[in-house]
Amino acid sequence: SIKYAFRPNWSVRYSGLGYEANGGGQSSSTITFGPWQQFYGAGQSVQSKYQHIYQRVGLQYDAVKSSRSCIGIFADWVHAEDRIQVISSLSVGQSAVFSKGTDAAIAGIEYRRFVKATASGGTFSCDCKAGAIFLDDVVGVDAQAGAQYAIPMHSGRSGYVKAGYRLVELKKAQNDYL
């Protein structure tokens, strides 16, 4: 995540999540995969790769800001993409890729509460966010709860480390997979 405050109560931010999984083996039966119905015979060595990308860019306005807490509202653009690739090592050119992306909007609220200051100048705080995702036949939620440790740096800047739980769920009305 990257956040830049260009005014005392306004900031622009970017966050991204990525995931990749690989697998493979010999197929015990025939497999048909992909939008072009690629055929893989029984006994073929097949490798698969799944990639998921979730990115957000948007604005945040801190409506209530004090020395101990902050309540902000945000509006972001969301891009999510899933990609599955299946490759056969038996035949050159036998590869199928299925990729589906979506663009949507998210609006929500963020709450940060100061908990404790350390002797070195760092601060512990709780950090909670919740947003509703909509547009482009998408309905979803992005919610997180956790703790943050802010680390002071030179020239009034600070960095931070976060830990917690995040739930991102997207549901899209799809008829074009079939």
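Sorry, what's going on with the pattern of salt bridges here?
In a structure, side chains of opposite charge can pair up when their charged atoms sit close to one another. Here the structure, examined in full by the defined rule, presents twelve salt bridges. One salt bridge connects D142 with R56, and the closest N-O pair in it is separated by 2.7 Å. Residue D142 is located in strand β9 (residues 138-152), and its partner R56 is located in strand β5 (residues 45-65); the two are separated by 86 residues in the primary sequence. Classification of D142 as buried rests on a relative accessible area of 3%. A salt bridge links R166 to D142, with the shortest nitrogen-to-oxygen separation between them at 2.8 Å. Taken together, the positions of R166 in strand β10 (residues 158-172) and D142 in strand β9 put the pair 24 residues apart, joining distant regions of the chain. Residues joined in a network through salt bridges with shared partners are R13, R56, D62, K65, D76, E110, R112, K129, D142 and R166.

Which parts of the structure should I look at to understand the confidence of the model for the protein?
Reading predicted coordinates in detail is not appropriate for stretches of low pLDDT. In this model, the protein carries a mean pLDDT of 87, and residues with pLDDT of at least 70 account for 93%. Strand β8 (residues 123-134) holds the highest mean pLDDT among the elements of the protein, 94, whereas strand β4 (residues 38-40) holds the lowest, 74.

Looking at this structure, how should I read unusual backbone geometry?
With the exception of glycine, the majority of residues adopt a negative phi angle, and the majority of peptide bonds are in the trans configuration. Here the phi dihedral of D136 falls at roughly 55°; this positive angle occurs in a residue that is not glycine. In this structure, D136 sits in the loop between β8 and β9. Classification of D136 as partly exposed rests on a relative accessible area of 40%. Even without a glycine there, the phi angle at D137 is positive, about 55°. Secondary-structure assignment places D137 in the loop between β8 and β9.

Would you mind showing me how to read the sheet that holds β9 here?
Strands in a sheet are paired, the pairing made by backbone hydrogen bonds, and the direction either parallel or antiparallel. Within the open sheet, the eight strands sit side by side as β1-β2-β5-β6-β7-β8-β9-β10. Their pairing is antiparallel. Across the chains shown, the open sheet's two edge strands, defined by having one partner strand only, are β1 (2-5) and β10. When strand polarity is set aside, the average angle formed by the axes of neighbouring strands in this sheet is 15°. Across eleven bridges, the pairing between β8 and β9 is antiparallel.

Sorry if this is basic, but what is going on with the packing of aromatic side chains here?
For any pair of aromatic rings, geometry is given as the distance between the ring centres together with the angle between the planes. The tally for this structure, following the rule as stated, stands at three aromatic pairs. Consider the rings of W10 and Y61, whose centres lie 4.9 Å apart with planes at 45°: the pair is tilted. On the criterion of sequence distance, the pair formed by W10 in strand β2 (residues 10-26) and Y61 in strand β5 is long-range, its members being 51 residues apart. For Y61, a relative accessible area of 28% translates into the label partly exposed.

Help me understand the pairing of β8 in this model?
Remark: a regular strand shows side chains that alternate across the two faces of the sheet. Relative to β8, strand β7 (residues 95-117) is paired through twelve bridges, and the arrangement is antiparallel. Its bridge partner being in β8, R113 is matched across the sheet by C126. The antiparallel pairing of β7 with β8 creates a hairpin that spans five residues between the two strands, and G121 there sits at a positive phi of about 100°. If you look at the hairpin formed by β8 and β9, you'll find three residues sitting between the two strands, and L135 has a positive phi there, around 85°.

What is the right way to read the state of the cysteines from this model?
Where two cysteines share a covalent bond between their sulfur atoms, that bond is called a disulfide. In this structure the tally under the stated criterion is zero disulfides. Of the cysteine sulfurs around C70, a residue in no disulfide, the closest is that of C126, at 12 Å. Here C128 stays free of any disulfide, with the sulfur of C126 as its closest cysteine sulfur at 5.1 Å. Of the residues examined, C128 reaches a relative accessible area of 31% and is grouped as partly exposed.

Just checking my understanding: could you explain the side chain of S125 for this structure?
Take S125: it is sitting in strand β8. In contact with S125, not counting residues within four places along its chain, are R113, F114, V115, G146, A147 and Q148.

Each value, and the rule that gives it
- Throughout, a residue's number is its position along its own chain's written sequence, starting from 1.
- Side-chain atom pairs in this predicted model are given and counted only at pLDDT of 80 or more, local residue features only at pLDDT of at least 70, and totals for whole chains, interfaces and linings cover all residues.
- Note that water and hydrogens are dropped before the side-chain values are worked out from all heavy atoms of the structure.
- Salt bridge criterion: a side-chain nitrogen from Lys or Arg within 4 Å of a carboxyl oxygen from Asp or Glu.
- A run of H or I in DSSP becomes a helix once it reaches four residues, and a run of E becomes a strand once it reaches two; helices and strands are each numbered from the N terminus.
- With a 1.4 Å probe rolled over the protein chains alone, any residue whose accessible area is under 20% of its type maximum counts as buried; one over 50% counts as exposed, and the rest are partly exposed.
- For every residue, the pLDDT score states the predictor's confidence, bounded by 0 at the bottom and 100 at the top.
- Here the rule is simple: two strands pair whenever DSSP picks up at least two bridges between them.
- Between N-to-C directions, angles cover 0 to 180 degrees, with each direction set by a line fitted to C-alpha atoms, over the stretch in contact for helices.
- Put simply, two rings from Phe, Tyr or Trp (the six-membered ring, in Trp's case) pair if the centres are within 6.5 Å, and we call them stacked under 30 degrees between planes, edge-to-face over 60, tilted for the rest.
- By disulfide we mean two sulfur atoms from cysteines, separated by a distance within 2.5 Å.
- Contact criterion: two residues are considered in contact whenever any of their non-hydrogen atoms come within 4.5 Å of each other.

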